[in-house]
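Results of the structural survey
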Amino acid sequence: MSEHPPLPPKNRELIWRGLFSENPVFRLALSLCPAVAVTSSMKNGFLMGVAVLAVQVLSSMTVAIARNFIHDKVRIPVYTIVIAVWVSVIDMVCAAVAPEIYAQIGLYIKLIVAFAIIISRLEVFASKFAFLPSTIDGFGMGLGFCFAMVLIGAFREVIGNGSIWGIELIPIKPLLLFILPAGGFFTIGLLMAAMNWIDVKRGGKLPTLGGGHG
Amino acid sequence: MAKAHIINLHQVLVETPTATTGELSSFRLTTTADPDIPFTISKVETSEKGIVITTVESLASKGHYQLKNLASGDVATIAPSLVGVLIAILLSAMLVQNFVFTRYLGLCVFFGVSRKRETAIGMGVTFTIVGVLSGFLAWVINQFVLHPLSLHFLQIIVFIGIIAFLVQIVDVVLKKTRAALHRKFGIYVVLITTNCIILAVPLLNAMEGRGMWESLALSLGSGLGFALALFLMSSARERADLSPVPTVFRGLPIAFILAGLFALSFLGFSGLGL
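What you are looking at is a predicted structure, and each value in this text was computed from that prediction instead of being measured.

**Let's talk about the sheet that holds strand S6 (residues 65–69) of chain B**
Sheets are built from strands paired through backbone hydrogen bonds, the pairs being either parallel or antiparallel. All names here are of chain B. The strand order across the open sheet built from 3 strands is S3-S6-S7, with neighbouring strands paired in antiparallel fashion. Two strands in the sheet have a free side with no partner beyond their single neighbour: strand S3 (27–31) and strand S7 (75–78). Sheet twist, expressed as the mean angle between neighbouring strand axes with direction ignored, is 20°. Here S6 runs beside S7; their pairing, made up of 4 bridges, is antiparallel. When the bridges of S7 are listed, Gln66 appears paired with Thr77.

Shown next, in the form of C-alpha cells:
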C-alpha cells in the first residue's frame, strides 16, 4: 500500500459508474452466468441482484477495513475467502427470507463466490481506497448489477410470459421462447446491441470489441 | 434369493436356480426408499429363466426395489446397473443438461475464450482434467470430513478453497515439470477459478448425495460438455467474424445470439430421457 493513496472519485460519480458507464453486465460483460440463468422472471432477477449487492457491499467493506493487514502475495485467496464467508451468510438469509424463490435459484446464489465482478471490485477498488468510498463503490456496482438483472428479468417476463412481477399484463404469452433457456442469451444479445446503438446515436464511438473475461 | 431385475413396466424376473413355484402371497415387492408400502402382485409364473412376477402398478426401469420371499425370508434388491447409471449421468451432464447451454454456468469463461478454436480446445482439455481432480477431492472432503461432522454450511468456503488450492498446485507442478505444456496451458489453469461450473459440480454432488463413481461421472460429463460447447461456439464465432454482421451487433452481442441458437438446438436432446 502506498503512503499517499490516490484521491477517491466523487460519490455521485461512483454510483453513476456502477449503474451506467461501467455497468458490470452490459459494459464490462462480467458475471454473465446469473444474468442469463435466473432472469426468467423479474422477481428472481431482483432477489439475485439484491443478494449480489449485499455480498459486494459487505465484501468491499471487509477488504477496505483489512486492506493494510493483507499481504500482497496472498491477497487473491484472502479475497476469495472473504467473499465465500459473506456468500454463506447471504445464502442462509435468502433461504430464510424467500424460500420459494430460493428453491429455484439457490444454486446460483451459492455460486456468487465465483463471480468475477465482486473479486474484480475488491482488487481494483476496495484494496486501494478507504472504507467509505469502497463501500459506495461496492454499492454502486451492486446497484448496477441489480438494475441489469431487473431489466433483463422484466424484458423476458413481459415477452415470454405476458406478465410483470407475477402480475398478468396481457392474457397471451407472446413468445414463450424468451423464458426458456435460449431466450436469456437472445435477450442479453439484443440489450447489448441496443446499448451500442444508443451510444452510436449519441455520437459516441462503439466500445471496443469487448470479450467477456474472468 | 438370487438376482432379480426388471424386464418391463410390470414384470420382475427372479433368477432362481431351484424351481420354487411361488404363490401370490409368498412375495412382497417394495421400493427401497419406502419398504412399508408393497406393490400389488397380480401373477407369479415360472419360466425356464426363473420366476416372473407381474405387478399391477408400473415399475420404473431405473428404480430401486426390494423383493422379499416371505416363505424363505430371503431379500433380493433390484437396482439399475452401476455402469448404466454412470453412462446416464455422463451423457446427461454433457448433452441434456449441458452446463453451458441449459444451466447457463461458466459463461464468463465461455465467452472469453471461445473467440479462437485453438484456445477453446486448450481451455476445454485443461478444464476437464482439473474439473475431475477437484470434483474427486471435494467429494472425499465432503464425504469424510464435512458430512460426518455436520459442517454442511461450510461447503461453499471449503469447496472454493479446495479449487483454489488445486489450481495453484496444478499450476506449480506443471511449471516445474512440463514447462512447454505450461507455456501452452498455464493461462487456462489460472482462469479455471473464475469458472462457476467447477464450483457447481461439487455443490450439486453434495446436494444430491452422490457416491464416488457418480460424482466422478458428473465431473467428467460437465468437463466434456463444457469442452464441446466451447468447440462448437468457437467454430461458429470464427465464421461470424468474417460475416457482414450489423455494426452494433459486432463482438459480444452476436456471440450471445449464437449461444441462444445453440441452446435452442440443445433443447432437442431433452428427448433422450436419460
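**Considering the packing of aromatic side chains**
In the structure shown here, the tally under the stated rule is 14 aromatic pairs over all chains. Ring geometry for B:Phe110 and B:Phe111: centres 5.2 Å apart, planes at 70°, overall edge-to-face. For B:Phe110, a relative accessible area of 0% puts it in the buried group. Residue B:Phe111 is classed as buried on the basis of its relative accessible area of 0%. On the numbers, 6.0 Å between centres and 85° between planes, the contact of B:Trp139 with B:Phe144 is edge-to-face. On the basis of relative accessible area, B:Trp139 is assigned to the buried category, the value being 14%. The class for B:Phe144 is exposed, based on a relative accessible area of 57%. Aromatic rings pair up to connect A:Phe185, B:Phe101, B:Tyr104, B:Phe110, B:Phe111, B:Phe256, B:Phe262, B:Phe266 and B:Phe269 into one cluster.

**Quick notes on the nonpolar core**
Within the largest apolar cluster, 114 residues are counted, with the highest numbers of intra-cluster contacts made by A:Met48, A:Ile112, A:Phe185, B:Phe101, B:Leu107, B:Phe110 and B:Phe111. If you tally residues by element for this core, the top one is helix H4 (residues 155–177) of chain B, at 10 residues. Residues contacting B:Phe101, with those up to four places away along its chain left out, are A:Pro181, A:Phe185, B:Phe110, B:Ala229, B:Ala259, B:Phe262, B:Ala263 and B:Phe266. Formed by 16 residues, the second largest nonpolar core is a distinct cluster that contains B:Phe27, B:Leu29, B:Ile41 and B:Ile78.

**With respect to a nonpolar patch on the surface**
Residue and element names in this part refer to chain A. Where nonpolar side chains cluster on the molecular surface, the patch consists of Ile81, Val85, Val89, Val93 and Val97 and spans about 380 Å² of accessible area. Along the chain, the position of Ile81 falls in helix H4 (residues 75–97). Judged by its relative accessible area of 35%, Ile81 falls in the partly exposed class.

**A closer look at the domain arrangement of chain B**
Entries for chain B in the domain assignment read domain 1 (4–78) and domain 2 (83–272). Placing the centre of domain 1 of chain B and that of domain 2 of chain B at their C-alpha centroids yields a distance of 42 Å.

**A closer look at the pairing of S6(B)**
Residue and element names in this part refer to chain B. Burial along S6 is one-sided: Tyr65, Leu67 and Asn69 are buried, and none of Gln66 and Lys68, which face the opposite way, are. The pairing of S3 with S6 spans 5 bridges and is classified as antiparallel. Bridge pairing in S6 places Thr31 opposite Tyr65. Turn length for the S6-S7 hairpin, with the two strands adjacent in sequence and antiparallel, is 5 residues, and the turn residue Gly73 shows positive phi of about 85°.

Reading the values: rules and limits
Residues numbered from 1 in each chain as written. Chains lettered and ligands numbered in written order. Predicted model: local features only at pLDDT ≥ 70, side-chain atom pairs only at ≥ 80, totals over all residues. Heavy atoms only, no water. Pairing = 2+ DSSP bridges. Helix = DSSP H or I, 4+ residues; strand = E, 2+ residues; numbered from the N terminus. Axes fitted to C-alpha atoms, helices over the stretch in contact; angles between N-to-C directions. Phe/Tyr/Trp six-rings, centres within 6.5 Å; stacked < 30°, edge-to-face > 60°. Buried < 20%, exposed > 50% of the residue type's maximum accessible area, 1.4 Å probe, protein only. Core = buried A, V, L, I, M, F, W, Y, C linked by side-chain atoms within 4.5 Å. Contact = heavy atoms within 4.5 Å. Patch = residues over 30% accessible without salt bridge, like charges linked within 9 Å, V, L, I, M, F, W, Y side chains within 5 Å. Areas by Shrake-Rupley, 256 points an atom, 1.4 Å probe, with all protein chains shown as cover. Salt bridge = Lys/Arg side-chain N within 4 Å of Asp/Glu carboxyl O. Domains from an automatic or database assignment.

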